[in-house]
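# Summary of structural features
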Amino acid sequence: MDKIEKKVSEFIRGFSIVGSIVISLCLINTFIKLIKEATPKVDASEGNEQIEVTTTVTISKPEYEPKYQAKNVFFKVDGSSTGDEFVNVRSNPNMSDKEKIGKLPSGEEFVAKTCYVSDEFYGFPVEALDGKMPEVIDEDGIVWMSRYYLKVAAYDYPELAKDEDDPSNRIKTNYTKLTIINGSPRVRSTPTAKDYSNFYGILPEGTVIEASAPIIVNDNTYTLYGVRAADLEWALETVGFGNIWYDADGIIWVSAEYAEIS
């Protein structure tokens, strides 16, 4: 009898172990099935499910160091070297057609307060072209032209220009009226026309200045007429950057070729 009970006990114990294993396998199988049902199916052939991968790429614009700044930078477009009547203006310093944003005619002049250089290009603030071409909105505010087609000269502001003549050679006339003729002359801080260093702006043709003091001439050749800054400030068309109110001697000069006095 003891042997029979022992056999039954061993059978029951074995059955319990097998049963435990079966139940465990069922639980594992159920868990795997649940995971599969919760995971999206990817069918590459039918495109039933697409996995999107987003990559963020940050492209930083280069920062250009000014070659000239806090100065008057004079530019002149010159296409004569290749016979071009117009020269391209670009949004970035490269020759790609997609960078073209406009054109300037050969001979056009303009003034900027900053100049940049990148390889074979000159850059300048886009506002320097106000009135020269249709409005341009540029991402970094700098536009570019090939250095082969631009002549550039940079000078301090005209009120800082030094008089190189002898003031004792200046002659006071008996005239107080100055009329601009033959074009629109440059207005200068000192009695010389050798370059742009003393250039404030221009007086439109036909302007009449009624001076509050006698007009002077720089020497007995009558090549330049001088009037007080306060007398013509109202008529000045600013081209460069400067302030005639800070002019060292308060006398502003106009070429006699473009003016007559009476």
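Residues numbered from 1 in each chain as written. Predicted model: local features only at pLDDT ≥ 70, side-chain atom pairs only at ≥ 80, totals over all residues. Heavy atoms only, no water.

## Regarding the nonpolar core
Keep this limit in mind: To form a nonpolar core, buried Ala, Val, Leu, Ile, Met, Phe, Trp, Tyr and Cys residues must be joined to one another through side-chain atoms within 4.5 Å. Exposure categories follow from relative accessible area, calculated using a 1.4 Å probe and restricted to protein chains: below 20% of the type maximum is buried, above 50% is exposed, and the middle band is partly exposed. Only DSSP runs of H or I covering at least 4 residues are called helices, and only runs of E covering at least 2 are called strands; the numbering of each starts at the N terminus. We call two residues in contact whenever any of their non-hydrogen atoms come within 4.5 Å of each other.
Counting residues in each nonpolar core, the largest one holds 21 residues, and the members touching the most others are Leu178, Tyr225 and Leu232. Where this core is concerned, the elements lending two or more residues are strand S9 (177–180), strand S14 (224–228), helix H2 (229–232), strand S16 (251–255) and strand S17 (259–261). Excluding residues within four positions of it along the chain, Leu178 makes contact with Thr207, Val208, Ile209, Ile215, Tyr225, Val227, Ala259, Glu260 and Ile261. With 20 residues, the next largest nonpolar core counts Val89, Cys115, Tyr122 and Leu150 among its residues.

## Description of empty space enclosed by the protein
Spelled out, the test is: Put simply, the grid is 1 Å and covers the protein atoms alone, a cavity is a trapped set of points that fit a 1.4 Å probe, a pocket is an open set with protein on both sides within 12 Å along at least five of seven lines, and lining residues have an atom within 4 Å of a point. Grid points are joined across faces, edges and corners, and a volume is the space filled by probe spheres set on the points. Residues are sorted three ways: Asp, Glu, Lys and Arg are charged, Ala, Val, Leu, Ile, Met, Phe, Trp, Tyr, Cys and Pro are nonpolar, and all the rest, Gly among them, are polar.
A full pass over the atoms with the stated rule returns one cavity of 30 Å³ or more. Of the volumes computed, that of the largest cavity is approximately 30 Å³. Taken together, Pro158, Glu159, Ala161, Asp163, Ser189, Thr190, Asp247, Ala248 and Asp249 form the lining of the largest cavity. In terms of residue class, the lining of the largest cavity is made up of three nonpolar, two polar and four charged.

## Quick word on the sheet that holds S17
To summarise the sheet geometry, strands pair through backbone hydrogen bonds and adopt either a parallel or an antiparallel arrangement. Rules: Strand pairing is assigned whenever DSSP identifies at least 2 bridges connecting the two strands. For helices, the axis comes from a line fit to the C-alpha atoms of the stretch in contact; other axes are also lines fit to C-alpha atoms, and the angle between any two N-to-C directions lies between 0 and 180 degrees.
Here three strands make up an open sheet; going across it, the order is S12-S9-S17 and the pairing antiparallel. Each of the sheet's edge strands pairs with one partner strand only, and the pair in question is strand S12 (208–210) and S17. Between one strand axis and the next, the sheet turns through 20° on average, direction left out of account. By the bridge criterion, three bridges tie S9 to S17 in an arrangement that is antiparallel.

## A look at the pattern of salt bridges
Definition in use: Counted as salt bridges are all cases of a side-chain nitrogen of Lys or Arg within 4 Å of a carboxyl oxygen of Asp or Glu.
Enumeration according to the criterion identifies nine salt bridges in this entry. Salt-bridge contacts for Asp78 lead to Lys151; the nearest nitrogen and oxygen are separated by 3.4 Å. You can see Asp78 sitting in the loop between strand S1 (66–77) and strand S2 (86–90) and its partner Lys151 sitting in strand S7 (residues 150–155), a full 73 residues away along the chain. One salt bridge in this structure joins Arg170 and Asp165, with 3.1 Å as the shortest N-O distance. The network of salt bridges with common partners includes Asp163, Asp165, Arg170 and Asp249.

## Section: the sheet that holds strand S15 (residues 237–238)
Strand order in this open sheet of seven strands is S8-S13-S14-S16-S10-S11-S15, and the pairing throughout is antiparallel. The outermost strands of the open sheet, each flanked by one partner alone, are strand S8 (171–172) and S15. Bridge count for strand S10 (residues 186–188) against S16 is two bridges, and the pairing is antiparallel. Among the inter-strand pairings, Arg188 is bridged to a residue of S16, identified as Trp253.

## Remarks on the packing of aromatic side chains
Within a pair of aromatic rings, the relevant descriptors are the distance that separates the centres and the angle that separates the planes. Applied cut-off: Any two of the Phe, Tyr and Trp rings considered here, Trp counted by its six-membered ring, make a pair once their centres fall within 6.5 Å; the pair's planes then place it as stacked at under 30 degrees, edge-to-face at over 60, or tilted in between. Consider the ring centre and the ring normal. A charge sits over the ring if Lys NZ or Arg CZ is within 6 Å of that centre and within 35 degrees of that normal.
Applying the stated criterion across every chain yields a total of nine aromatic pairs. Taken together, a centroid distance of 4.7 Å and an interplanar angle of 65° make the contact between Tyr64 and Trp144 edge-to-face. With Tyr64 in the loop between helix H1 (2–38) and S1 and Trp144 in strand S6 (residues 142–146), this pair connects stretches of sequence that are 80 residues apart. In this structure, Tyr64 and Trp144 share a single accessibility class: buried. Between Tyr116 and Trp144 the ring centres are 6.5 Å apart and the planes differ by 50°, which places this aromatic pair in the tilted class. Of this pair, Tyr116 sits in strand S4 (residues 109–118) while Trp144 sits in strand S6; the two residues are 28 residues apart in sequence, bridging distant segments of the chain. Residue Tyr116 is classed as buried on the basis of its relative accessible area, which comes to 13%. The buried category is assigned to Trp144, whose relative accessible area is 0%. Clustering of aromatic rings is evident, with ring pairs tying together Phe74, Tyr155, Tyr196 and Phe199. A cation over a ring is seen here: Arg147 above Tyr122, with NZ or CZ 5.1 Å from the ring centre. Sitting over the face of the ring of Phe199, Arg186 holds its NZ or CZ atom 5.3 Å from the ring centroid.

## Brief notes about unusual backbone geometry
One non-glycine residue, Ala70, lies in positive phi territory at about 55°. Residue placement: Ala70 occurs in strand S1. For Asp119, which is not glycine, the phi dihedral falls at a positive 55°. Within the secondary structure, Asp119 is located in the loop between S4 and strand S5 (121–125).

Treat this as a map of the structure, not an account of what it does.
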